[in-house]
Every structure is written in C-alpha cells, then in structure tokens.
Amino acid sequence: MERLPSGILRVEVPLPIESLGSVNVYVLSDGEPWLVDAGIYTARAARQLLRGLREAGIRPCDLAGVVVTHFHVDHMTLAPVLAELGSPRLLIGRGDLAVLESGVEDFIDRVLELYTWSGMPREEAEKIRRHHPAVRMMEAYREALELDWRPLGEGDLLRAGGLELRVVEAPGHTPGHILLYGDGLLFTGDTVLPGITPHVVLHGVDEDPLGSYLESLKRVEAMAPALGLPGHRGVLRDPAARAREIREHHEKRLRGLHELLQRRGPLTGYEAARLMRWRTRYSSWDEYPPAERFFAVGEALAHLRHLEARGQAERLERDGLLAWRAL
Ligand SMILES: [Zn+2]
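Residues numbered from 1 in each chain as written. Predicted model: local features only at pLDDT ≥ 70, side-chain atom pairs only at ≥ 80, totals over all residues. Heavy atoms only, no water.

Visitor: Teacher, can you tell me more about the sheet that holds strand 11 (residues 185-189) here?
Guide: One key point about sheets: their strands pair by backbone hydrogen bonds, in either a parallel or an antiparallel sense. Here 5 strands make up an open sheet; going across it, the order is 8-9-10-11-12 and the pairing mixed. Edge positions in the sheet fall to strand 8 (157-160) and strand 12 (227-230), since each of these pairs with one other strand and no more. On average, each strand axis in the sheet is tilted by 30° relative to the strand beside it, whichever way the strands run. Two strands pair when backbone bridges link them, and strand 10 (residues 178-182) and strand 11 are joined in this way by 3 bridges, in the antiparallel orientation. Bridge pairing links G182 to L185 in strand 11. (Pairing = 2+ DSSP bridges. Helix = DSSP H or I, 4+ residues; strand = E, 2+ residues; numbered from the N terminus. Axes fitted to C-alpha atoms, helices over the stretch in contact; angles between N-to-C directions.)

Structure (structure tokens):
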C-alpha cells in the first residue's frame, strides 16, 4: 500500500491478466471513506483489497461510496462484493452505465460482429469470445447490474473522502470513461497509463473512439495536473507529458497506417492488423493468443476509422467485407 497526498492510499489489487499484473484501487481516507475503482471479481483480489482497507483502518461496512472510472472487468466487477459488505453509493460515467444496462455481452458480440465483417474468420471470433475476460466474468456483471448505479457526467462535483472532485468525461478507452480531478490530482483510470498505451478499439462502424480518445488526451494536457493516479502501475509525476507522448504515438501510428493503405491498396481491419507492427513478445500472427488478436484488430479498425474521420481514407465494401482505401 502506498500513501499519497490528501489522505489517498493506493492498493495494488492482483489481476489474473498476465500483461497487466495488478489494478490500482484508491482509498480516499480523509472523512467518509470512498474508493476509486473496485478491482476484479476474484477471491485473491477481494482478499488483497480487504487487507488494504484493514491496514488503512477502514471497515468495509463504513465505505461511503465507490466510483469506477470505467466498466472494464478489472476496475468494477468487485463492486458487488463491497456492496454486500455495506451500503456504499455506486457511481459510474453515464456512457458506461448505458453499456452495462444494454448488456456487456451484447456489446462484445457487436464488436466481434464488426471484426467478422472486417475479415476475421468466424472461428477466430468465436474463440476470442470464449476467452474474453468480460464473457468469463458475466456473472459478476449480472450481479453488478442488480445494484443501484448512479450516472456521473461532465462537470458533476463529487465530495468524497475529504476531496472535492470534478468529473471529466474522457471517452476513448471505453465510451463512458471518466476522470476525477481535484486538488491538483487527476484520477486517470486507463486513459493515461505509465509505460503502456491503453487500448482503443472500434465498437461501432459509425463511432470514432480514437478521435474521442485523442481529444481526451488533449484535455489532460490542458489540465496539467500535478499528479496523475492511474488505473495500473505507479503514479504519474507528469500526466500531461505522458498524455502528449501517447497522443504522439497514435499520430505516428496513423501516418504509418496511411502509408500502408497507399502502398497496399484497400485493406480490411483484419488485414491491417496483420500488417501493422505490434509491441508484443509473439513473433507471428499465428502465435497471438485470442486477447492479443482482439486488441490488434480493434486498434487497427479504430485507426482506420479515424483516418476516415480526418478525410485521409474512405470506407468501402470489398467482397462483402468492410475495408478502407487511402485518400
Ligand atoms: Zn484496466
């Protein structure tokens, strides 16, 4: 457990997701205790979080509220357990509440449908579905849905654990991702992470999540918070600089992909994913496990779709498959 300014404690909750290792749950301990993010629905995670609370001298039944930055399994699925131990208020961004209410399973099915339309073989999409953490954690989502989640939107003020936090909508990593800002501290969720670039996947062909994400990063740069408290890994000493770095990474990606389209002609999202270079320990596409393929195709599509939004590519259908060509 790490003690941070303003009575905030960082508890590292273990994840069964090898590439991430752990998720940060922040305990706001001044005044009525609150949590920012809840962790994942596993016995190990529950035990680690309860141990952290005990070290902080907080009884789980005294938690006044839990606010989650986004709906992903590693950040919110432990909330039903906390709700069982007390009666905390439960808050989430309104965009992600809409995803929860319309069904996370449907959300993933729609995404995989889009991937199949983008050239991913059906068996591969089916395999990804079976392995997807959200599908495996569906029970926890169903339990979470039975609870009384309240939506947060841009500009809402949250008084939690002695802090006054302003809600900043930061769509991109998820449609309804939120940041919390107060006292020079920014809870960044997975919008800005140290050392890793958060995934941005296309979830609907008419959406432009990468465009939204780049705008969200610009907002973090403009806020220039003194300290960033991310969803994974250690604190960010200069969140604005990290946000700019991630934005530049995507700009470079976009230029590379545009050149690829110019060189190779129209490409589906699946073809683009296979041709793009990924920072991974696997040497060929065939070695990629389902989760890596899910993110690679989703990211390729998000970049293709954003090139279209910028007027640098055009969407077309080729042999019944969704593709883009350079403009
Ligand atoms: Zn995460």
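Visitor: What's the story with the UniProt feature "domain: Metallo-beta-lactamase" (unreviewed entry) in the protein in this structure? I'm lost.
Guide: Within the UniProt annotation, "domain: Metallo-beta-lactamase" (unreviewed entry) is assigned to residues 22-232. Annotated as 40% helix and 23% strand, the span residues 22-232 places its first and last C-alpha atoms 6 Å apart. (UniProt positions renumbered as here; feature names shortened; annotations may be inferred.)

Visitor: Looking at this structure, I do not really get the packing of aromatic side chains. What am I missing?
Guide: One pass over the full model with this rule turns up 7 aromatic pairs. Taken together, a centroid distance of 6.1 Å and an interplanar angle of 55° make the contact between Y282 and Y288 tilted. Classification of Y288 by relative accessible area gives buried; the value is 10%. Ring pairing ties together the aromatic residues Y270, Y282, W285 and Y288, which thus form one cluster. Of note, R253 hangs over the ring of W278, and the distance from its end group to the ring centre comes to 4.5 Å. (Phe/Tyr/Trp six-rings, centres within 6.5 Å; stacked < 30°, edge-to-face > 60°. Buried < 20%, exposed > 50% of the residue type's maximum accessible area, 1.4 Å probe, protein only. Lys NZ or Arg CZ within 6 Å of the ring centre and 35° of its normal.)

Visitor: Hey, could you run me through the pattern of salt bridges in this one?
Guide: In this structure the tally under the stated criterion is 21 salt bridges. Salt-bridge contacts for R10 lead to E2; the nearest nitrogen and oxygen are separated by 2.7 Å. Residue R10 is classed as buried on the basis of its relative accessible area, which comes to 10%. With a relative accessible area of 25%, E2 lands in the partly exposed category. A salt bridge links R310 to E251, with the shortest nitrogen-to-oxygen separation between them at 2.7 Å. Pair noted here: R310 is in the loop between helix 12 (290-309) and strand 14 (313-318) and E251 is in helix 10 (residues 239-264), with a separation of 59 residues, a long-range link. E251 gets classed as partly exposed once you look at its relative accessible area, which sits at 22%. Via salt bridges that share partners, D206, R305, E308 and R315 belong to a single interconnected network. (Salt bridge = Lys/Arg side-chain N within 4 Å of Asp/Glu carboxyl O.)

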